[in-house]
4 protein chains.
Amino acid sequence: MASLIVVTGFEPFGGERINPSWEVARALDGEIIEGLAVKAIRAPVNCVKTAAHVTDAIERFRPRAFLGLGQAGGRAAISLERVAINLFQDRNGGQLDTRGDARTLIDGAPDAYFARLPLAAVLKALRRHRIPATISLSAGAYACNAAMYAALHALRRRPAVPAGFIHLPYDAAQAARRPASPSMSLEMMERAVRLAIAVISGAAGETGRPRRRRLI
Amino acid sequence: MASLIVVTGFEPFGGERINPSWEVARALDGEIIEGLAVKAIRAPVNCVKTAAHVTDAIERFRPRAFLGLGQAGGRAAISLERVAINLFQDRNGGQLDTRGDARTLIDGAPDAYFARLPLAAVLKALRRHRIPATISLSAGAYACNAAMYAALHALRRRPAVPAGFIHLPYDAAQAARRPASPSMSLEMMERAVRLAIAVISGAAGETGRPRRRRLI
Amino acid sequence: MASLIVVTGFEPFGGERINPSWEVARALDGEIIEGLAVKAIRAPVNCVKTAAHVTDAIERFRPRAFLGLGQAGGRAAISLERVAINLFQDRNGGQLDTRGDARTLIDGAPDAYFARLPLAAVLKALRRHRIPATISLSAGAYACNAAMYAALHALRRRPAVPAGFIHLPYDAAQAARRPASPSMSLEMMERAVRLAIAVISGAAGETGRPRRRRLI
Amino acid sequence: MASLIVVTGFEPFGGERINPSWEVARALDGEIIEGLAVKAIRAPVNCVKTAAHVTDAIERFRPRAFLGLGQAGGRAAISLERVAINLFQDRNGGQLDTRGDARTLIDGAPDAYFARLPLAAVLKALRRHRIPATISLSAGAYACNAAMYAALHALRRRPAVPAGFIHLPYDAAQAARRPASPSMSLEMMERAVRLAIAVISGAAGETGRPRRRRLI
């Protein structure tokens, strides 16, 4: 039997009819990619509930890998997230609340966790397939970050389990209503996530963390 | 025999291997869309030569419609151009020269021509098919604008011939090298131009100009 | 007695408390710059009324020069507008209506007029004083464009009268409520417009139009 | 005698003649702001050297507070940085190297440190004075982040010492050479940093960390 990779996507929010992260997750549900069977989970756009969903899924399925997906409206490329932070910044009418007030997600837990994915290898694979992709240094301070942080926290004592998060652009159909926003076809996003899972599978056991070399 | 629509695209420039405008034009070459047979023409990225190419093609083929295509790197949506101006602003290292020096394209000709396409109808068709699209008020001051201006000038005494210009985003493969840039799949751009031609065909004989109503 | 330059600014709109174009115009009102006495006019943000205001002011004051000012929220630099178009595109909730419907401002008038200002010389002066500035190829399709078009139309038979339009960024105080938007200090915008008027004064009698040289 | 606040700025880089972070730091050098005497330090744009500079300055001056300043070309507002990460991502021709390769700054140290500044209070003060400002969730992965991380690491056992980092936009004179880039006057940036230091002084002893409340 194939090992599992839990892939989470979010429900639509902000008046959208779809969320590309869930469209991609459910399209891959049940597929076996380089020995990893995809188990798609749909998460609510709410920090507390998302974190609970993610934590429960990890406890229940004991996956060999975890990959969270989310929608990053306004970004043009597939974003491989580098870091999740122990912070929740309120939203104010859909916008990030920039009044600066913030709360910790988990008291006493570290300020941040780096993704445990082979980001450079995933990036290389996506570019080789001519898919716009980049490394991102911030997954925000809302539900996507909460999902990523909760997963890395839940897996903190299982360092061999690759875990991380990928942000997806708007789907073209979403961008049709806001033509100044960049977008990507769902088909290309599906291919991108499939490629990422293939690389993650091959790299299982590697840490994916920044190369250790004392710089300072 | 079907009537002709001349569709121009540009050769690659700026170190690119492809230019989506030419990829789309040549993909449609020979196709018959709602009674219009596509004649694709490849134009050089040079104001003087482009204008000559466009003018020659119009004289030679006497098309029932004209549609210029060009690459607008950095734009996220299909841009339906509203106006071509009688102006050429030099380039300086690939960037628009903002020193402000400018020359007329054709002495004694009007400062500008509006597109003669049913822009609102094309826009509506693209959005109904969930393709990001918008009306643009500037086609720049370089080869794309020169092609559009030259065509509208050449056709100034044949007002029943629809003529205009559409700017295309980077293709995804181009954006893979610059992941902050928005892009669109070639397949979607092809569909968009096919839809535009279908609408243009249906509207032949209409002027496509701004609705006449004295505002001021 | 000094000759007049009419300088128009707009009332605040879109929920703003100020409009930098009017702040600058009224700050300069009555000043004499290189022999040109500034007559500031406050215009309403409405195409029809603005055009009437501008036309009336030109008829009434018979100025030796005309300079319209407007707010271009989201732009980072002083924008010297190159062209005004005979077009009005409706607004939809503050945003440019991209449904594509459009009306002519003045039936039977040309599609566009080029600015009659020495744009390259103004740009050079601003940059020499380290003020971010650029040439813009579109003044939009709303009240700013209407003011510019109406002025150039009213002065079409007085070609020696310099006339044009400058778009200003948000003032810093406006941007404080939307920190992703670029802005400029009112003091710098005032200096910029003063410099522009000085150059315009020196160049009176020149046409400021694109250099005539047959390109095509 | 007043307590010290070490304020670091960077030397110019990327062909610039100035770096607003150093212009502001040196302008404030020696000033006493709400009881804190500013000690300005000029740091090199190099991760290893910057970190050494910052660490040395903290050891040598034992300041009561630390504030790093840096240039964030392309941002429109004063950015109050929330988090510094234990990561260095190489640069490639001035651009962030997006090949994804990365190294830890300090082996065995935490993945990230949150700023220890009263960010919400600083933000509120800046906005009250109508200065565009925002909270930023990423200080990048280069010298600015290294300075911030090194300071928070050096002060990890002195939690009562406020420490953090502020990114500044381009100065207007820098933006004059790239008019699409947002900018801010040096005078406003100076005022902003002065206000920030005043708030930091008043809040000394507070942690400035995210409010502790178990969310998940």
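These lines cover the structure that appears in this document, whether it is placed above or below. Nothing here was measured: the structure is a model prediction, and the numbers come from that model.

So, about the packing of aromatic side chains. Going through the model one piece at a time under the given rule, you end up with eight aromatic pairs over all chains. Aromatic side chains A:Phe88 and A:Tyr142 sit 6.1 Å apart centroid to centroid with 20° between the ring planes, which places their arrangement in the stacked category. Of this pair, A:Phe88 sits in strand E7 (residues 88–89) while A:Tyr142 sits in the loop between strand E12 (133–136) and helix H4 (143–154), and the two are 54 residues apart along the sequence. Overall, A:Phe88 belongs to the buried group, its relative accessible area being 8%. B:Arg178 extends its terminal NZ or CZ atom over the ring of B:Tyr170, reaching a point 4.3 Å from the ring centre.

What follows is about the pairing of strand E4 (residues 65–71) of chain D. Residue and element names in this part refer to chain D. With seven of its seven residues buried, E4 lies for the most part within the structure. Covered by surrounding structure in E4 are Ala65, Leu67, Leu69 and Gln71 together with Phe66, Gly68 and Gly70, the residues of both alternating faces. Here strand E1 (residues 3–10) runs beside E4; their pairing, made up of four bridges, is parallel. Each residue of the ladder has a partner; that of Thr8, found in E4, is Gly68. Strand direction decides the pairing type here: E4 and strand E13 (residues 163–168), joined by six bridges, are parallel. Note that in E13 the partner of Gly70 across the bridge is His167.

For the rest of this paragraph, the subject is the sheet that holds strand E3 (residues 36–43) of chain B. Residue and element names in this part refer to chain B. In spatial order, the strands read E2-E3-E1-E4-E13-E5-E12; together these seven strands make up an open sheet with mixed pairing. Only two strands of the sheet have a single partner each, and these edge strands are strand E2 (32–33) and strand E12 (133–136). Two strands pair when backbone bridges link them, and strand E5 (residues 78–81) and E12 are joined in this way by four bridges, in the parallel orientation. Bridging across to E12, Ser79 finds its partner in Thr134. Across the sheet, helix H2 (residues 47–61) lies against strand E1 (3–10), E3 and strand E4 (65–71), angled at about 150° from E3, the strand it touches most. This element, helix H3 (residues 119–128), spans E5 and E12 of the sheet and lies at about 160° to E12.

Quick notes on the rules
Residues numbered from 1 in each chain as written. Chains lettered and ligands numbered in written order. Predicted model: local features only at pLDDT ≥ 70, side-chain atom pairs only at ≥ 80, totals over all residues. Heavy atoms only, no water. Phe/Tyr/Trp six-rings, centres within 6.5 Å; stacked < 30°, edge-to-face > 60°. Helix = DSSP H or I, 4+ residues; strand = E, 2+ residues; numbered from the N terminus. Buried < 20%, exposed > 50% of the residue type's maximum accessible area, 1.4 Å probe, protein only. Lys NZ or Arg CZ within 6 Å of the ring centre and 35° of its normal. Pairing = 2+ DSSP bridges. Contact = heavy atoms within 4.5 Å. Axes fitted to C-alpha atoms, helices over the stretch in contact; angles between N-to-C directions.

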